[in-house]
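# Examination of the molecular architecture
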Amino acid sequence: MVIGAGQAGLSASYHLSRLGVRHVVLDGERRPGGAWQHRWDSLTMHDVHGVADLPDGRAPGESGERANVAVPGWFGLYESMHDLPVERPVKVTSVTSVGDLLAVHSADGRTWLTRTLVNATGTWTRPFIPHYPGASAFLGEQVHTHDYPGAAHFRGKRVAVVGGGASAVQFLGELAPLTSVLWITRREPVWRSDFDAERGREAVTLVAERVEAGLPPASVVSVTGLGLRPQEQEAARLGVYERRLPMFTRIEPDGLRWEESGAFERVDAILWATGFRPAITHLAPLHLRSSHGGIPLLRGSADVQTAVTAAYDSRVQLVGYGPSASTIGASRAGRAAALAVRRQLAHPQTVEAQTAPRSAESQFSGVSRIVTSGG
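Residues numbered from 1 in each chain as written. Predicted model: local features only at pLDDT ≥ 70, side-chain atom pairs only at ≥ 80, totals over all residues. Heavy atoms only, no water.

### Some details on a positive patch on the surface
On the surface, Arg126, Arg186, Arg187, Arg277 and Arg289 cluster together into a positively charged patch. Its place among the elements puts Arg186 in the loop between strand S10 (181-185) and helix H4 (197-212). (Patch = residues over 30% accessible without salt bridge, like charges linked within 9 Å, V, L, I, M, F, W, Y side chains within 5 Å. Areas by Shrake-Rupley, 256 points an atom, 1.4 Å probe, with all protein chains shown as cover. Salt bridge = Lys/Arg side-chain N within 4 Å of Asp/Glu carboxyl O. Lys, Arg positive; Asp, Glu negative; His and termini not counted. Charge placed at Lys NZ, Arg CZ, Asp CG, Glu CD. Helix = DSSP H or I, 4+ residues; strand = E, 2+ residues; numbered from the N terminus.)

### Describing the packing of aromatic side chains
Enumeration over the complete set of coordinates arrives at 12 aromatic pairs. Plain terms: the ring middles of Trp124 and Phe276 are 5.0 Å apart, the flat faces sit at 25° to each other, and that makes the pair stacked. Residue Trp124 is found in the loop between strand S7 (117-119) and strand S8 (141-144), and its partner Phe276 is found in the loop between strand S15 (269-272) and strand S16 (316-318); the two are separated by 152 residues along the sequence. Classification of Trp124 by relative accessible area gives buried; the value is 9%. Ring geometry for Phe248 versus Trp272: centroids 6.3 Å apart, planes at 65°, classification edge-to-face. Here Phe248, found in the loop between strand S11 (245-246) and strand S12 (250-252), pairs with Trp272, found in strand S15; they are 24 residues apart in sequence, far enough to count as distant. As far as the burial class goes, Phe248 and Trp272 line up, both buried. In this structure an aromatic cluster arises from ring pairing among Trp40, Tyr148, Phe154 and Phe171. One cation-aromatic arrangement involves Arg39 over Trp36; the distance from NZ or CZ to the ring centre is 4.6 Å. Across the ring face of Phe128, the terminal group of Arg277 is positioned such that the distance to the ring centre comes to 3.7 Å. (Phe/Tyr/Trp six-rings, centres within 6.5 Å; stacked < 30°, edge-to-face > 60°. Buried < 20%, exposed > 50% of the residue type's maximum accessible area, 1.4 Å probe, protein only. Lys NZ or Arg CZ within 6 Å of the ring centre and 35° of its normal.)

### Regarding the environment of Ser17
Its place among the elements puts Ser17 in helix H1 (residues 7-18). Overall, Ser17 belongs to the partly exposed group, its relative accessible area being 36%. Separated by 67 residues in sequence, Ser17 and Leu84 place their C-alpha atoms 7.8 Å apart. Ignoring any residue separated from it by four or fewer positions in sequence, one finds Ser17 in contact with His23 and Leu84. (Contact = heavy atoms within 4.5 Å.)

### Quick notes on the sheet that holds strand S13 (residues 255-258)
Strand order across the open sheet formed by 3 strands is S12-S13-S14, with antiparallel pairing between neighbours. Here the strands that pair on one side only, and so sit at the sheet edges, are S12 and strand S14 (263-266). Strand-to-strand twist in this sheet, taken as the mean axis angle between neighbours without regard to direction, amounts to 25°. Here S13 pairs with S14 via 4 bridges, running antiparallel. Residue pairing for S14: Gly255 is matched across the bridge by Arg266. (Pairing = 2+ DSSP bridges. Axes fitted to C-alpha atoms, helices over the stretch in contact; angles between N-to-C directions.)

Below, the structure is given as structure tokens:
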């Protein structure tokens, strides 16, 4: 069983098929494309920060085509060419343990039993907005990256862009030539003049170490650094990136307040470029989290992006989580997860029944099979 048909899920499904492992991919979307189909219209294939190839499937190259068209089209073609067993739309609500099996429950009342699970649900469905006093009283507009409507929507408004990642830099690049903007971050941005592959590997390794210790995954931007592309040079010329402000302490009806200094900035809109959290709440019944709040993963090969097996339940593989939370990492992790599934099927872990008697196993004979249907 694979949950999610984004880059990581498709990679896992491809490799499972190559290994002869019967499986099904449950995807919550109505059509192929994963989170890419929901990206803002102004994001083109020239703007994206790289899309890695899928196994036996070359990614679309740089172009002026909208990313929310090009990538979903590529995913759909890939599913068809490789005859991947994707079923959609299926919204998975929870996964529970049933003896030595896992029960995958959907919002429409169906349940699948499976001996192993590859979770590839990404982060897009869990946008994160930090809490600040007064936020509910703000009279302007608040928008997260998840719902970014494009720069033209904010023309004539004073916009506070909050966040220190690549998306914030890109939004400022689009907005600054059109309207008044403020950039606000918790930490001083780390800039790079050129991409350093070694620095990128170091960042992924740090994330892997956090995950192995059971800590929640963290951003890698502080290690890799931020860079400006040609389309952001006009914003740089306007001095937007140099006028960065520290985080405010409260939100007032018509703006932002820094209580220590008494400073106030009037704004009409707040654009929260504050990232996402892993979409893993459906795994909560399996108790995979450590006391530190993250799901620890067992160390894989020398490539840290192959760490996919949940430390507390080897039946569960997580791809696109922690060190594999990138398009290239997701593709590598898909293969690692498929190999881990094959090992698990050959040497299954015995798990004490928690929610159903062991007789439920008599209803199951394959890798994944639907066993109940809600009315």
